[in-house]
Amino acid sequence: MARTIAAALQVPVAWVTVADDAHRTYRARSGPVPGDLITVTDTSRSWRFVPDLTTTGDGWLLIDVCPSCGADVPTARIATLADLGDHLDPDHNKGPVDEFYTDPGHLPGCQDTPLRH
């Protein structure tokens, strides 16, 4: 997984770490298992991702701060370095991905949770 995202984002694999995700799980035959939280760190910034299980091929959901509750939740679909650049562009006008609204990472009472939509 680390090699795949490193290649997609054109960064050295040494910049990538994969750990258990404390908020998201996968369904397995034996029950829920921790999801993967991928962190890409360069010399000045870190980006966090989770696998995008809704896409064909390789893709990830960028984890960023919810403007309402401050929790770390999916905000954008990323498959290439260009996608990340589009998201980081201050003039991008895309709304968050659908997973943003249903992510279990939101804090209780967040205005952007499913009860509001």
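Structure shown above.
Draft legend 1. Molecular detail of the nonpolar core. In terms of nonpolar packing, the biggest core is built from 15 residues, with Ile5, Leu9, Val16, Val40, Phe49, Leu62 and Ile78 touching the most fellow members. Contributions of two or more residues to this core are made by helix H1 (2–9), strand E2 (31–41), strand E3 (46–51), strand E4 (60–65) and strand E5 (72–78). Among the elements that make up this core, the one with the highest residue count is H1 (4 residues). The next biggest cluster of nonpolar side chains, apart from the first, holds 6 residues, and it includes Cys66, Cys69, Ala71 and Phe100.

Draft legend 2. Seen up close, the pattern of salt bridges. Summed over all chains, the structure comprises 5 salt bridges. The residue Arg24 makes a salt bridge to Asp21 at a minimum N-O spacing of 2.8 Å. Since its relative accessible area comes to 11%, Arg24 is described here as buried. The salt bridge partner of Asp103 is Arg24, with a shortest N-O separation of 2.8 Å. Here Asp103 is found in the segment after helix H3 (99–102), whereas its partner Arg24 is found in strand E1 (residues 16–28), with 79 residues between them in sequence. Judged on exposure class, the residue Asp103 and its partner Arg24 are both buried.

Rules used throughout
Residues numbered from 1 in each chain as written. Predicted model: local features only at pLDDT ≥ 70, side-chain atom pairs only at ≥ 80, totals over all residues. Heavy atoms only, no water. Core = buried A, V, L, I, M, F, W, Y, C linked by side-chain atoms within 4.5 Å. Buried < 20%, exposed > 50% of the residue type's maximum accessible area, 1.4 Å probe, protein only. Helix = DSSP H or I, 4+ residues; strand = E, 2+ residues; numbered from the N terminus. Salt bridge = Lys/Arg side-chain N within 4 Å of Asp/Glu carboxyl O.

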